[in-house]
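Inside the fold
So you can see what is in the structure, the chains are spelled out below.
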Amino acid sequence: MKELGDLTHLFVCTFLFYLSNCMVFPAITDVILEALCPGEDQCSLAIYLTGLQRAIIGLGALVVTPLVGNLSDKFGRKALLCIPVTSAIAPTVILAYSRSTVYFYAAYVFQIFAGIFCEGSMECLSLAYVADKVGERRRASYFGALSGIGTAGIVFGTIAARFLDTSSIFQVSAVLKVITAIHLKTFLPESDAGVSVSEESARPLCSSSSNSETAPTLLAFRTIPSFSDMANLLTSSATLSRVAIITFFFCLGESGLLAALLFFLKVHFQFNKNQFADLLLTTSTAGTISQLTLMPFLAQRLGEEKLLIVGLLAYCAQIFLYSIAWSYWVPYFCASLAILTVFISPSIRSMVSRKVGSTEQGLAQGCITGIGLLAGIIAPIAFTPLTAWFLSNEAPFDFKGFSILCAGFSMLAAFAVSITMWTKSSLAR
């Protein structure tokens, strides 16, 4: 109960952050198309600009996130959490004022800078904050609860988007983002980073509770971690190395899906703001229920490795079904599989957290987030031209979901590595 009390304000900030950010998501596709290609459902310029923005954000966040995570180990989580929370305000305020072409491009530029600090830093710092407060044995459940709170924010944000008009969506989102920043600054207590409240004593970097791996000795990290530092961290443990590979392929597949899905549904089924909201509501509701009820129960009984396998298998099925969707109800069925796919991220984060000492949680989570962001750079470069090509009239064959299918093969690779990791771990025991 003490742990829950310490985390209450973090949960409130997380809820408000995702509520304010995700309530604009169902409307953003229509806003982009209206600003760039008025009256058209298919717009290659919109697809390419969205892909370019994702790639730039991913590249910047790849550098910034491990740095922010490492700085939080030294200067505290709260101070660094203020960065993503406040940087997200400006682009929403611009679109709340006007969504004309000129203002859209201004918001587009500000969103790039905001995305660099928000894309991975909020998740990384929040997880490190939880790790500071919660003992090692209960982190998987609390990580799942944190994800569930964030998903609950998505649910309520989606409901709001479903009933608000486009102008009101951005205005309400801007106000909520300001409230989030004020609440974080005023009420969130510092976590005393590096002093974890756990049943176990602090262990050296990458020490393992298992005897199968010997804890390596690494030099203390500098304030700005180099790629060599991060490589040493990730290669110091076989488990961390495999988790890094899984993270890369998982995020590559997920980013590939996100790069294509909204435009695919717009062209293939003529989805609008309300249908996007319904789809997101299905996903977030299933995810929230699973993370707050099902995952804490299963995490204690199955362990992170088996949960990861289940989640990746469900995600493979989801992506392949999206790619061949033959009726309007298929995307909704795919979205409901989030009840299983939400196991992936908390399982990965918990496995990483268990392999590092209490003073390196920020850096470790930042490294894993950075790997995901690297995949997020590659995915738009690879999948955006493919999506634009197969959604156009010049496609070599009629398969509008072909780029989504290709993203599925990356997810399948992550699933294969997770099976290998679980097999070797079982044999070692």
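Residues numbered from 1 in each chain as written. Predicted model: local features only at pLDDT ≥ 70, side-chain atom pairs only at ≥ 80, totals over all residues. Heavy atoms only, no water.

Turning next to the overall build of the protein chain. Within the protein chain, the secondary structure is distributed over 18 helices and zero strands. Classification of the 429 residues of the protein chain by burial places 58% in the buried group. Within the protein chain, counting contacts between residues at least 6 apart in sequence, those at least 24 apart form 84% of the total. (Helix = DSSP H or I, 4+ residues; strand = E, 2+ residues; numbered from the N terminus. Buried < 20%, exposed > 50% of the residue type's maximum accessible area, 1.4 Å probe, protein only. Contact = heavy atoms within 4.5 Å.)

This part is about the side chain of Thr-387. Residue placement: Thr-387 occurs in helix α17 (residues 361–391). Apart from the residues lying within four places of it in its own chain, the contact partners of Thr-387 are Ala-260 and Ser-403.

This part covers helix α13 (residues 304–323). A rise of 1.5 Å per residue sets the reference length of α13, with its 20 residues, at 28 Å; its end C-alpha atoms lie 29 Å apart and thus fit the reference within 8%. The element α13 is largely enclosed, with a buried count of 14 among its 20 residues. (Expected span 1.5 Å × (residues − 1).)

By secondary structure assignment, the location of Ala-314 is in helix α13. Look at Ala-314 and you get buried, because its relative accessible area is 7%. Through-space distance from the C-alpha of Ala-314 to that of Phe-415 is 9.8 Å; in sequence the pair is 101 residues apart. For Ala-314, the residues in contact, after removing those within four places along its chain, are Leu-337, Leu-340 and Thr-341.

Okay, the side chain of Thr-247 next. Considering the arrangement of structural elements, one finds Thr-247 in helix α11 (residues 238–269). The class of Thr-247 is buried, set by a relative accessible area of 4%. At a separation of 2.8 Å, a polar atom in the side chain of Thr-247 contacts the main-chain carbonyl oxygen of Val-243. Setting aside chain neighbours within four positions, we find Thr-247 in contact with Ile-348, Ile-368, Ile-371 and Gly-372. (Polar contact = N/O pair within 3.5 Å; in protein donor to acceptor, adjacent residues only side chain to side chain.)

Across all of its chains, the model carries 17 aromatic pairs by this definition. Where Phe-248 meets Phe-249, the ring centres are 5.4 Å apart and the plane angle is 80°; that geometry is what we call edge-to-face. With a centroid separation of 5.9 Å and an interplanar angle of 65°, the aromatic rings of Phe-399 and Phe-402 are classed as edge-to-face. Its relative accessible area of 22% is what places Phe-399 among the partly exposed residues. By relative accessible area, Phe-402 is classed as partly exposed at 22%. Each residue in the set Trp-389, Phe-390, Phe-397, Phe-399 and Phe-402 is aromatic and connected to the rest through ring pairs, giving one cluster. (Phe/Tyr/Trp six-rings, centres within 6.5 Å; stacked < 30°, edge-to-face > 60°.)

Structurally, Leu-258 can be placed in helix α11. Judged by relative accessible area, which is 38%, Leu-258 ranks as partly exposed. Between the alpha carbons of Leu-258 and Ala-379 there is a distance of 9.4 Å; along the sequence they are 121 residues apart.

A separate point is a nonpolar patch on the surface. Taken together, Ile-324, Trp-326, Tyr-328, Trp-329 and Phe-333 make up a surface patch of nonpolar side chains, about 610 Å² in accessible area. Assignment of secondary structure puts Phe-333 in helix α14 (residues 330–336). (Patch = residues over 30% accessible without salt bridge, like charges linked within 9 Å, V, L, I, M, F, W, Y side chains within 5 Å. Areas by Shrake-Rupley, 256 points an atom, 1.4 Å probe, with all protein chains shown as cover. Salt bridge = Lys/Arg side-chain N within 4 Å of Asp/Glu carboxyl O.)

Okay, the packing of helix α2 (residues 25–36) against helix α3 (residues 44–75) next. Viewed as axis vectors pointing N to C, α2 and α3 meet at an angle of 120°, and their least axial separation amounts to 9 Å. One way to sum up the angle between α2 and α3 is to call them oblique. At the point where α2 passes α3, the crossing takes the right-handed sense. On the side of α2, the interface is formed by Ile-32, Leu-33 and Leu-36, while α3 contributes Leu-45, Ala-46, Leu-49 and Thr-50. Split by residue class, the contact of α2 with α3 holds six nonpolar, one polar and no charged. (Axes fitted to C-alpha atoms, helices over the stretch in contact; angles between N-to-C directions. Parallel < 35°, antiparallel > 145°, perpendicular 65-115°, else oblique. Left-handed = near helix turned anticlockwise from the far one by under 90°. Nonpolar A, V, L, I, M, F, W, Y, C, P; charged D, E, K, R; others polar.)

Within the structure shown, the criterion is met by five salt bridges. Note that Arg-162 is salt-bridged to Asp-278, the shortest N-O span being 2.9 Å. Of this pair, Arg-162 sits in helix α8 (residues 139–163) while Asp-278 is found in helix α12 (residues 273–302), placing the two residues 116 residues apart along the sequence. Assessed through its relative accessible area of 25%, Asp-278 is described here as partly exposed.

Attention shifts here to unusual backbone geometry. Phi is positive for Gln-270, close to 55°, though the residue is something other than glycine. You can see Gln-270 is positioned in the loop between α11 and α12. Under the relative-accessibility criterion, Gln-270 is labelled partly exposed at 47%.

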